[in-house]
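# Commentary on secondary and tertiary structure
Next come the chains, spelled out residue by residue.
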Amino acid sequence: MPETEDWIDIGAAVELSKQPLQQVRAGNRDFAVSFKDGQFGVIANGCNHVGGPLGGGRLDGEYVTCPWHGWKFQRCTGLGEPGFEEDAVPSYPVKVERSRVWINLAAATRRSRKPHDPHPLAREPRREPGPLRVAGISTTVMDLNLPRFSGSDHLLECALKSAAEHGAETKLIRLNELKFRPCEGYYSKSARACTWPCSITEMDKADEMDRVYEAFVHWADAVIVASPIRWGAASSLYFKMAERLNCVQNAVTINNRVLKQQKKVDMTDTPDAGVLPAATDLDSIITRALAERGDGESGTGAKNSPAATASDASASEPAQVAPSGDPSPAAEPASPMQPIEPPARWTPDKKAAFATWPRDVQETVVARNGELEADYTRKTQEAADLRRTAEPLLKAIKPFEAYLNELAPIIGQTPDTMIASLLGVEYQLRKGDPHSYSLCPFNVSQ
Ligand code: FES
């Protein structure tokens, strides 16, 4: 039978009957083709939710289950599962003639969508009027029935207290008290499968990560994340939260939608002993040091930090007593301490504020700023190196551009993203760092 405008040949019946479900491309379109109990079913490949490839899913009785988030569609009619029939994807009449499978494009049913109320988090982020808002996120883990002192929580509480004293509205979220699922790696299926709001949040009403999203995206102007440091790394809850935040960044990647703008995220941490602060960011050092001074506490915090101890000691050292009989003055006049210069790149306002800070805070800030600048220089050099070495690779990839364009709709990545990933893998391999090596198979699989 010759192919007409209406009926198109999508493949050999014997081949298509070998798998219960598969994705087939014909006439420039993709179809989800199923075969069960001797009967073919053909529906459109694009899922109604966010376009997952239905043919790449699995057959669950008479329903095709989308591989991305599990929406279901009847394999022959395209209707949604019971209760969601209005959520239908196009289905096509099918016939088998002369050992070939044919579908009628002209007689396809229409796609329809059941109205779904958008998740409250999906609203446009808008700064409501009001004072500065600071959210504190505690990531420490402990048995709620056997609570203990937590150094990082203590620092966080000091910071929030200080913010409140400066007129800010504050909110404390303890991850330890929330029930939320770990990230399930939708991004690994496809960048477009990692949605905003998070797919888990949308599907699971019991998941309490929505509190954190609400604070990060909609409520706070500044977020302070506090974590204990165990075995040289932040707490496991910190990473569990950070993985779930991928959807916030990914909104930029897939939809060019910036959810978090002009917000400050800060991190405080404490080593295992949980007493001496080892801050990782300038502002948290400042906030904490000033806050603790304001509290008049001793025994924890900036006054016990090595820098503070050193400068406090030199300021209060007793004057040297001259040997008896020596007519010279009893002590050398103390040499006046040189003022500490603020980092050169700072704005005049910030420099003026710096001049008002206690000396030990200034010392700590200057030392940390030096580390950050050195790190920035190193990363800039690495980026320049990467750009230089990428030239020949980009030339080598050029002939495969058409192939990457074909691949793009299948794996849900643009050719540019694929090329960037390949360059990253090549760079990891060339750098020779064992940790980077170990990441390569993972990155290639992405
Ligand atoms: S369930 Fe199909 S794309 Fe989400």
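The rules behind each value
The residue numbering used here restarts from 1 in each chain and proceeds along that chain's sequence as written. Two thresholds apply to this predicted model, a pLDDT of at least 70 for residue-level local features and 80 or more for giving and counting side-chain atom pairs, whereas whole-chain, interface and lining totals are computed over all residues. Heavy atoms from the whole structure form the basis of all side-chain values; hydrogens and water molecules are not counted. Numbered from the N terminus, helices here are DSSP runs of H or I no shorter than four residues, and strands are runs of E no shorter than two. Each residue is assigned to one of three classes by its accessible area relative to the maximum for its type, calculated with a 1.4 Å probe on protein chains only: buried under 20%, partly exposed between the two thresholds, exposed over 50%. In this description, contact between two residues means that some pair of their heavy atoms is separated by no more than 4.5 Å. In these tables, accessible area is a Shrake-Rupley quantity obtained with a 1.4 Å probe, and a residue counts as shielded only by the protein chains included in the view. Pairing between two strands is assigned when DSSP locates at least 2 bridges connecting them. In this description, the arc belongs to the directions extending from the helix axis to the C-beta atoms. For this analysis, a polar contact is any N or O atom pair within 3.5 Å, provided that within protein one partner can donate a hydrogen and the other can accept it, and provided that sequence-adjacent residues contribute only side-chain to side-chain pairs. Residue-level confidence of the predictor is summarised by pLDDT, bounded by 0 at the bottom and 100 at the top. All axes are obtained by fitting lines to C-alpha atoms, using only the stretch in contact for helices, and the reported angles, taken between N-to-C directions, cover 0 to 180 degrees. Here the aromatic set is Phe, Tyr and Trp, taking the six-membered ring for Trp, and pairing holds for ring centres within 6.5 Å; pairs whose planes are under 30 degrees apart are stacked, those over 60 apart are edge-to-face, and all others are tilted.

## Structural notes on the overall build of the protein chain
- In terms of helices and strands, the protein chain carries 14 helices and 14 strands.
- Looking at the protein chain as a whole, 38% of its 446 residues are labelled buried.
- For the protein chain, long-range pairs separated by at least 24 residues make up 59% of all intrachain contacts whose partners lie at least 6 apart in sequence.
- If you sum the accessible surface of the protein chain, you get close to 25100 Å²; carbon and sulfur atoms cover 56% of it.

## Quick notes on the pairing of strand 2 (residues 21–26)
- One ladder, built from 6 bridges, connects strand 2 with strand 3 (residues 29–36); its direction is antiparallel. Counted as the bridge partner of Ala26 is Arg29 from strand 3.
- From the end of strand 2 to the start of strand 3, which pair antiparallel, there are 2 residues, and Gly27 there has a positive phi angle of about 55 degrees.

## Remarks on helix 6 (residues 236–244)
- Turning to helix 6, its buried residues are Leu237, Met241 and Arg244. Down the axis of helix 6, the sector holding all buried residues measures 60 degrees, keeping them to one side.
- The backbone nitrogen of Leu237 lies 3.2 Å from a side-chain oxygen of the residue at the head of helix 6, namely Ser235.

## Concerning the pairing of strand 12 (residues 222–230)
- The buried fraction of strand 12 amounts to 7 of the 9 residues, a majority that puts the element mostly inside the structure.
- Pairing of strand 10 (residues 133–138) with strand 12, which is carried by 5 bridges, proceeds in the parallel orientation. Along strand 12, the bridge assignment pairs Ile137 with Val225.
- Pairing analysis gives 2 bridges linking strand 12 to strand 13 (residues 233–234), with the strands arranged antiparallel. Across the sheet, residue Arg230 finds its bridge partner in strand 13, namely Ala233.
- Between the antiparallel neighbours strand 12 and strand 13 lie 2 residues, among them Trp231 with a positive phi of about 55 degrees.

## Re the confidence of the model for the protein chain
- For the protein chain, per-residue confidence averages 81 on the pLDDT scale, and residues scoring 70 or more make up 78% of the total.
- Long-range and interchain partners of residues 272–282, a stretch whose pLDDT sits below 50, account for 37 contacts in this model, where long-range means more than four residues apart.
- Considering only residues more than four positions removed or in separate chains, one finds that residues 292–334, a stretch of pLDDT under 50, has 42 contacts.

## Here we look at the sheet that holds strand 2
- Taking strand neighbours across the sheet as the criterion, the 3 strands line up as 2-3-4 in an open arrangement whose pairing is antiparallel. The sheet terminates laterally at strand 2 and strand 4 (39–44), the two strands that pair on one side only. The sheet shows a mean angle of 30 degrees between the axes of neighbouring strands, direction not considered.
- Pairing geometry for strand 3 and strand 4, over 6 bridges, is antiparallel. Across the sheet, residue Phe31 finds its bridge partner in strand 4, namely Ala44.

## Comments concerning the side chain of Asn250
- Along the chain, Asn250 turns up in helix 7 (residues 246–255).
- You can call Asn250 buried: its relative accessible area is 0%.
- Looking at Asn250, its side chain comes within polar contact range of the main-chain oxygen of Cys194, at 2.8 Å.
- Excluding its chain neighbours within four sequence positions, the residues that come into contact with Asn250 are Tyr187, Ala191, Cys194 and Asn255.

## What to know about the sheet that holds strand 6 (residues 63–65)
- The strand order across the open sheet formed by 3 strands is 5-6-7, and the pairing between neighbours is antiparallel. Each having just a single partner strand, strand 5 (58–60) and strand 7 (72–74) make up the two edges of the open sheet. Within the sheet, the average angular offset between the axes of one strand and its neighbour, ignoring direction, is 35 degrees.
- Here 3 bridges tie strand 5 to strand 6, and the two strands are oriented antiparallel to one another. By the bridge assignment, Leu59 is partnered in strand 6 with Val64.

## Concerning the packing of aromatic side chains
- Applying the stated criterion across every chain, the model contains 7 aromatic pairs.
- Taken together, a centroid distance of 4.6 Å and an interplanar angle of 45 degrees make the contact between Phe35 and Phe40 tilted.
- By relative accessible area, Phe40 is classed as buried at 9%.
- On the numbers, 6.1 Å between centres and 75 degrees between planes, the contact of Trp346 with Trp357 is edge-to-face.

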